[in-house]
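Residues per chain, in single letters:
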Amino acid sequence: MPQVIGVPRETASGEKRVATVPEVVEKLIKLGFSVSVESGAGDAANFSDDTYRAAGATVVDNAAALWSGSDIVFKVRGPSAEEVALMREGGALVSFIWPAQNPDLMRQLAARRVTILAMDSLPRMLSRAQKMDALTSMAGVTGYRAVIEAAHAFGRFLTGQITAAGKVPPAKFFIAGAGVAGLAAIGTAVGMGAIVRANDTRAEVADQVVSMGGEFVKVDYEEEGSGGGGYAKVMSEGFQKAQREMYAKQAREVDIIITTALIPGKPAPKLITAEMVQSMKPGSVIVDLAAEQGGNCELTEPGKLVVKHGVTIVGYTDLPSRLAKQSSTLYATNLFRLAEELCKTKDGVINVNMEDDAIRGLTVIKDGTVSWPPPAPKVAAAPAGAPAKPMAAPPAAHGHGSQGAPMSGGKLAAMFFAGAILFWFIGANAPAAFLAHFTVFILACFVGYMVVWNVTPALHTPLMSVTNAISSIIAIGALVQISPPMDDAATRPGGWILGMAVAALVLTAVNMFGGFAVTQRMLAMFRR
């Protein structure tokens, strides 16, 4: 019998998101599930009860009926004590849980003998898990919204302008931490015309910052900062000292600082001190995306916007909720992808496969037994194959090497000699007109290869490089046929040759210019 997915209204203060949206309801039903939604669950995200009914969901009037009648519950925030009491024994819950920060909640859920899948515990290093990565989805929204909040609090244009009333300089941003949220903030701020600088302890993100239009500010201290799962690690005291000096310099120069630094299972590192805040220009803004974990700024007050030393410090902890419709749609899509993994048979019944690394990482409680933290993902063993063949001996100078080995000098000389004999035979017996056309063909092949084939692959795809090389050969040959030496009657083309040359030139021009036009449109997709 198909299982029922229940979507309750979020009870956490200020939470406007909902765990599924009407568009995703239809997809869940196609997987075989029945979907129940608590009345009013989507109101704050602009999804009415009628839109859920039209998508095929059942709208339930009260929370108790929804929890008791659902086999699986989709939520955004972890359940409250009252909601835990409403859960049906043997049921399943999918939501953000944060098991390391909520041991009491874990004990309460285990006592109900339920299965809990925590979206925050997904093994993000697995490529196949990316479609279920709700943390990344929400971080992207958070970074975007951070720039909007900063612009609102800043009080002047972000982009530079020259008006009749005078010149307005562009705002200067500094992004501390270039993870998903940081990169989203960089892209948004650059798109709004600001000058953006960024820093991260992970050296490999420097290219990503530059590709988004920002400037990477390097700490004058060599140390690698990559941690597990795409996060940064705790750095040495020497690095932190050099980093504080760099942050102090940026605080004096920029108008807006956005901090995003978080380390799993630890309080947010303090990057912006009170002295740095005092050194900032009056009217500057700090948006602290780590406020929920204590904040990266010493003066941050979680959940509040405060003004200290003339600097506005935004410590909101509900930034994804401030774009509730977008956040809900992205989160609902992540949950749907998870449902596809849990119900591969499309019969509306989930299978929590603990042999699957992605599902095992998500599952923090299985049938009342706490299974968090998960073991390290298994490394696939190399398949057993035939015994390795002994390495072939290096080919002798006069012998035949293995396939792919460099051609010997003797063999190369023999090939050139054979080619010379062939060309001599053709030249001695072929008519003059053939020799002229054959020369054009060889010249076209050579020039076409050198002119087009060697264009950097960044400018067009490998397939286009091949087709353009061929097209250039045809174009050069056609051009030579159209304008031969007019004093040489033997090489003067006839009417049908001239017609073919003109047609080939037209078609080749269309192909080449069309190819470059398509390439330009493809490249434009990645520009802002």
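Residues numbered from 1 in each chain as written. Predicted model: local features only at pLDDT ≥ 70, side-chain atom pairs only at ≥ 80, totals over all residues. Heavy atoms only, no water.

Peer 1: Kindly report on the pattern of salt bridges, identifying the contributing residues and their values.
Peer 2: All told, the structure shown has 27 salt bridges when counted by the stated rule. Among the salt bridges present, the one from Lys-249 reaches Glu-253, with a minimum N-O distance of 2.9 Å. Pair noted here: Lys-249 and Glu-253 are both in helix α9 (residues 237-253), with a separation of four residues, about one helical turn. With relative accessibility at 41%, the residue Lys-249 sits in the partly exposed group. Across the pair Glu-340 and Arg-337 runs a salt bridge, and its minimum N-O distance is 3.0 Å. With a gap of three residues between them, Glu-340 and Arg-337 both fall in helix α11 (residues 324-342), about one helical turn apart. Linked through salt bridges whose partners overlap, the residues forming this network are Arg-128, Lys-131, Glu-341, Lys-344 and Asp-356. (Salt bridge = Lys/Arg side-chain N within 4 Å of Asp/Glu carboxyl O. Helix = DSSP H or I, 4+ residues; strand = E, 2+ residues; numbered from the N terminus. Buried < 20%, exposed > 50% of the residue type's maximum accessible area, 1.4 Å probe, protein only.)

Peer 1: Break down α9 for me, with residues and values.
Peer 2: The first and last C-alpha atoms of α9 sit 25 Å apart over 17 residues, in line with the 24 Å expected at 1.5 Å per residue. Of the residues making up α9, those classed as buried are Phe-239, Ala-242, Gln-243, Met-246, Tyr-247, Ala-248, Gln-250 and Ala-251. Looking at the buried positions of α9, the neighbouring elements they touch are β9 (172-176), β10 (195-199), β12 (256-259) and α10 (274-279). (Expected span 1.5 Å × (residues − 1). Contact = heavy atoms within 4.5 Å.)

Peer 1: Please give an account of the packing of helix α6 (residues 134-154) against helix α7 (residues 180-191) that cites residues and values.
Peer 2: The geometry of α6 relative to α7 is characterised by a closest axis approach of 7 Å and an angle of 40° between their N-to-C directions. Between α6 and α7, the interaxial angle falls into the category oblique. The handedness of the crossing between α6 and α7 comes out as right-handed. Where α6 approaches α7, its residues Thr-136, Ala-139, Gly-140, Gly-143, Tyr-144 and Val-147 are matched on the opposing element by Val-180, Ala-181, Ala-184, Ala-185, Thr-188 and Ala-189. When grouped by side-chain class, the residues that make up the contact of α6 with α7 number eight nonpolar, four polar and no charged. (Axes fitted to C-alpha atoms, helices over the stretch in contact; angles between N-to-C directions. Parallel < 35°, antiparallel > 145°, perpendicular 65-115°, else oblique. Left-handed = near helix turned anticlockwise from the far one by under 90°. Nonpolar A, V, L, I, M, F, W, Y, C, P; charged D, E, K, R; others polar.)

Peer 1: Explain the packing of α6 against α11 to me, using residue names and the numbers behind them.
Peer 2: Across the interface, α6 lies against α11 with an axial gap of 9 Å and an inter-helix angle of 165°. Here α6 is positioned roughly antiparallel relative to α11, judged by the angle of their axes. The two elements α6 and α11 meet at a crossing, and its hand is right-handed. Contact with α6, carried on its side by Ala-134, Ser-137, Met-138 and Val-141, involves Ser-327, Leu-330, Tyr-331 and Asn-334 of α11 and no other residues of that element. Broken down by class, the residue content of the contact of α6 with α11 amounts to five nonpolar, three polar and no charged.

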